[in-house]
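# Reading the structure
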Amino acid sequence: MGFFSNMRKPEGKLGNIQLKSMNKEHTPVSLWGLKHLNISPDDIVLDIGCGGGMNINRMAQTAKKVYGVDYSIESVKLSKEVNEDFIKEGKVEIYEGNVMDLPFDDDSFDIVTAFETVYFWPDIVKSFGEVKRVLKPGGMFLIGCEANGTNNLGMKFFNKVIDMTFYEDNDLVGFLDKNDFNEITVYLRDGKNKEEIIKKSDGEIFKIDDDYNNFSISDRFVEWMTVTAIK
Ligand SMILES: C[S@@+](CC[C@H](N)C(=O)[O-])C[C@H]1O[C@@H](n2cnc3c(N)ncnc32)[C@H](O)[C@@H]1O
């Protein structure tokens with residue numbers, strides 16, 4: 001397994017190193033994405049494509065319980081290590097599984113999150129249907145992406161070397177629409193102008209100041225995107 005294929009499905013020693021690095025490198029965009037989520041102490045959360053498990057750890061500080069799922073054994077292993085204490089407390093559970101066939105009952109979760117992972121999902125419309133199946137009615141799906149599909153040189157490079165698909169906000173909204181999600185909201189970060197553009201499902205678009213100062217290397221060629229939707 002090479003460096004780039006490990007982003008799609010981390011394997012072995014190199015996969016473990018990359019997952020640890022992602023736990024660090026993805027911190028700025030993950031924290032920005034989490035700003036758009038109001039986790040309450042009663043919430044039961046599922047993090048899909050949990051990778052190195054840092055977002056599980058962050059959400060478990062507030063939620064009643066957090067589940068993680070990933071189809072990479074290496075991701076499951078590191079997520080379990082990172083969340084060892086929460087697992088002992090019974091606050092976190094982590095499983096190997098594919099988003100295409102989630103190992104959970106219908107209507108199980110208040111919140112489902114997917115950070116830096118939808119680019120790899122094989123059939124995205126069907127996957128979003130699986131997410132909807134496991135969400136409780138009224139539950140929220142949050143998608144966090146470091147790239148918003150802007151077709152610049154950096155993105156073209158990644159598209160070539162990694163088998164991944166960069167979506168624009170309209171693409172994601174379309175896939176969510178096909179699954180009859182409600183209240184779809186897009187948050188786009190314009191780091192250069194320190195603004196956040198918010199697009200509501202009724203067509204309203206507005207901007208707010210964004211004084212978020214947590215930058216990452218990717219800031220040079222991508223703008224971040226978070227999309228939320230309600231079942
Ligand atoms: C780039 S990593 C992101 C990890 C973590 N969410 C983060 O933000 O750092 C993508 C993760 O998604 C997982 N993944 C990709 N496709 C998946 C699928 N079809 N089902 C479950 N997990 C998947 C990979 O194994 C990997 O751990």
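Structure's up top.
Please read all numbers here as calculations on a predicted model, not as lab measurements.

## A short note on the environment of E11
Locating E11 in the fold gives a position in the loop between α1 (5-8) and α2 (12-25). Exposure remark for E11: the 17 C-beta atoms within 10 Å place this residue in the partly exposed category. C-alpha separation for the pair E11 and Y119, spaced 108 residues apart in sequence, amounts to 18 Å.

## Points about the packing of α2 against helix α5 (residues 73-82)
Across the interface, α2 lies against α5 with an axial gap of 10 Å and an inter-helix angle of 50°. Judged by the angle between their axes, α2 and α5 are oblique. Remark: the crossing between α2 and α5 carries right-handed chirality. Residue-level contacts link G12, G15, N16 and L19 of α2 to E74, S75 and L78 of α5.

## Examining the site of the ligand
Taken together, the neighbourhood of the ligand is formed by 22 residues, with G49, G51, S72, F115 and T117 sitting nearest. A per-class count over the shell around the ligand returns 9 nonpolar, 10 polar and 3 charged.

## Details of the sheet that holds strand β9 (residues 225-230)
With mixed pairing, 9 strands are arranged side by side in an open sheet as β3-β2-β1-β4-β5-β9-β6-β7-β8. Because the sheet does not close on itself, it has two edges, and the strands there are β3 (92-96) and β8 (205-209). Strand-to-strand twist in this sheet, taken as the mean axis angle between neighbours without regard to direction, amounts to 15°. Sheet analysis places strand β6 (residues 182-190) next to β9, joined by 5 bridges and oriented antiparallel. The partner of T185 across the bridge, within β9, is T228. Here helix α3 (residues 27-34) sits on the sheet in contact with β4 (109-115), β5 (135-145), β6 and β9, set at roughly 145° to β5. Each of β2 (65-70) and β3 is contacted by α5, which is oriented at about 165° to β3, the strand it contacts most.

## Structural notes on the nonpolar core
Within the largest apolar cluster, 50 residues are counted, with the highest numbers of intra-cluster contacts made by V45, L46, V66, V112, V118, F141 and I143. No other element matches the 6 residues that β5 contributes to this core. The contact partners of L46, leaving out residues within four places of it in the chain, are Y67, V69, F104, F109, V112 and V134.

## Describing the pairing of β6
The pairing of β6 with strand β7 (residues 195-199) spans 5 bridges and is antiparallel. The partner of R189 across the bridge, within β7, is E196. Linking β6 back to β7 in an antiparallel pair, the connection comprises 4 residues, with K194 at a positive phi of about 50°.

## Digging into the pairing of β4
Summarising burial for β4: 6 of the 7 residues are buried, a large majority. Bridge count between strand β1 (residues 44-48) and β4: 4 bridges; the pairing is parallel. Within β4, the position partnered with D47 by the bridge is T113. Sheet topology note: the β4/β5 ladder contains 6 bridges and is parallel. Across the sheet, the residue bridging to F109 is L135, located in β5. This β-α-β element, β4 to helix α7 (residues 124-134) to β5, shows right-handed connectivity.

## Some details on the packing of α7 against helix α9 (residues 169-178)
Geometry of a packed helix pair, given as the angle between the helix axes and the separation of the axes. Their axes nearest at 9 Å, the elements α7 and α9 cross at an angle of 55°. The orientation of α7 with respect to α9, classified from their angle, is oblique. With respect to the hand of their crossing, α7 and α9 are arranged in right-handed fashion. Only F175, L176 and K178 of α9 make contact with α7, whose side of the interface consists of I124, V125 and F128. In the contact of α7 with α9, the residues fall into 5 nonpolar, no polar and 1 charged.

What counts and what doesn't
Residues numbered from 1 in each chain as written. Predicted model: local features only at pLDDT ≥ 70, side-chain atom pairs only at ≥ 80, totals over all residues. Helix = DSSP H or I, 4+ residues; strand = E, 2+ residues; numbered from the N terminus. Buried ≥ 20, exposed ≤ 12 C-beta atoms within 10 Å, placed from the backbone. Axes fitted to C-alpha atoms, helices over the stretch in contact; angles between N-to-C directions. Parallel < 35°, antiparallel > 145°, perpendicular 65-115°, else oblique. Left-handed = near helix turned anticlockwise from the far one by under 90°. Contact = placed C-beta atoms within 7 Å. Near = placed C-beta within 6 Å. Nonpolar A, V, L, I, M, F, W, Y, C, P; charged D, E, K, R; others polar. Pairing = 2+ DSSP bridges. Core = buried A, V, L, I, M, F, W, Y, C linked by C-beta atoms within 7 Å. Right-handed = clockwise from strand over helix to strand, strands pointing away.

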